[in-house]
Amino acid sequence: QVQLVESGGGLVQAGGSLRLSCAASGIIFSINVMGWYRQAPGKQRELVADITSGGITNYADSVKGRFTISRDNAKNTVWLQMNSLKAEDTAVYYCNYRDGRNWSVNYWGQGTQVTVSS
């Protein structure tokens, strides 16, 4: 079992910045992928960015150049630095962990609200 605890959401004006954090605990396999997804009202959950335990990153086109994902394997923590925020970034952001022993096994955080006012 893996537990994910997120923090850092909030209300920010368009053009502002926020930093989300997600700390994983439990049985963490050394090979894994951690990432951030988001879900806006009435929309499907979508990938924002993810990062492998080896440091390879992947971003949604909509956030490239504005968001940066990073991680500290020793702390089992992943961060999402969000700059130049737009109203369309408003959503609940969820941390995700995928285990390298079985990529179909997913764990999710409780979600943190990000609201960008225009």
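Here the structure is shown first, and the text comes after it.
In what follows, the accompanying structure is described.

The rules behind each value
- Residues numbered from 1 in each chain as written.
- Predicted model: local features only at pLDDT ≥ 70, side-chain atom pairs only at ≥ 80, totals over all residues.
- Heavy atoms only, no water.
- Helix = DSSP H or I, 4+ residues; strand = E, 2+ residues; numbered from the N terminus.
- Buried < 20%, exposed > 50% of the residue type's maximum accessible area, 1.4 Å probe, protein only.
- Phe/Tyr/Trp six-rings, centres within 6.5 Å; stacked < 30°, edge-to-face > 60°.

**What about unusual backbone geometry?**
Step number 1: Here N76, not a glycine, exhibits a phi torsion of approximately 50 degrees, which is positive.
Step number 2: One can find N76 in the loop between β7 (67-72) and β8 (77-82).
Step number 3: Of the residues examined, N76 reaches a relative accessible area of 22% and is grouped as partly exposed.
Step number 4: For S84, which is not a glycine, the phi torsion comes out positive at approximately 50 degrees.
Step number 5: Relative to the assigned elements, S84 resides in the loop between β8 and β9 (91-99).
Step number 6: You can call S84 partly exposed: its relative accessible area is 39%.

**Some remarks on the packing of aromatic side chains**
Step number 1: Inspection of every chain in the model, using the stated rule, returns two aromatic pairs.
Step number 2: Considering the side-chain rings of Y37 and W108, the 5.0 Å spacing of their centres and the 75 degrees angle between planes classify their relative orientation as edge-to-face. With Y37 in strand β4 (residues 32-39) and W108 in strand β10 (residues 102-108), the pair connects residues that are 71 residues apart, well separated along the chain.
Step number 3: Overall, the relative accessible area of 17% leaves Y37 in the buried class.
Step number 4: Seen in terms of ring centroids, Y97 and Y107 are 6.2 Å apart; in terms of plane orientation they differ by 50 degrees. Their pairing is tilted.

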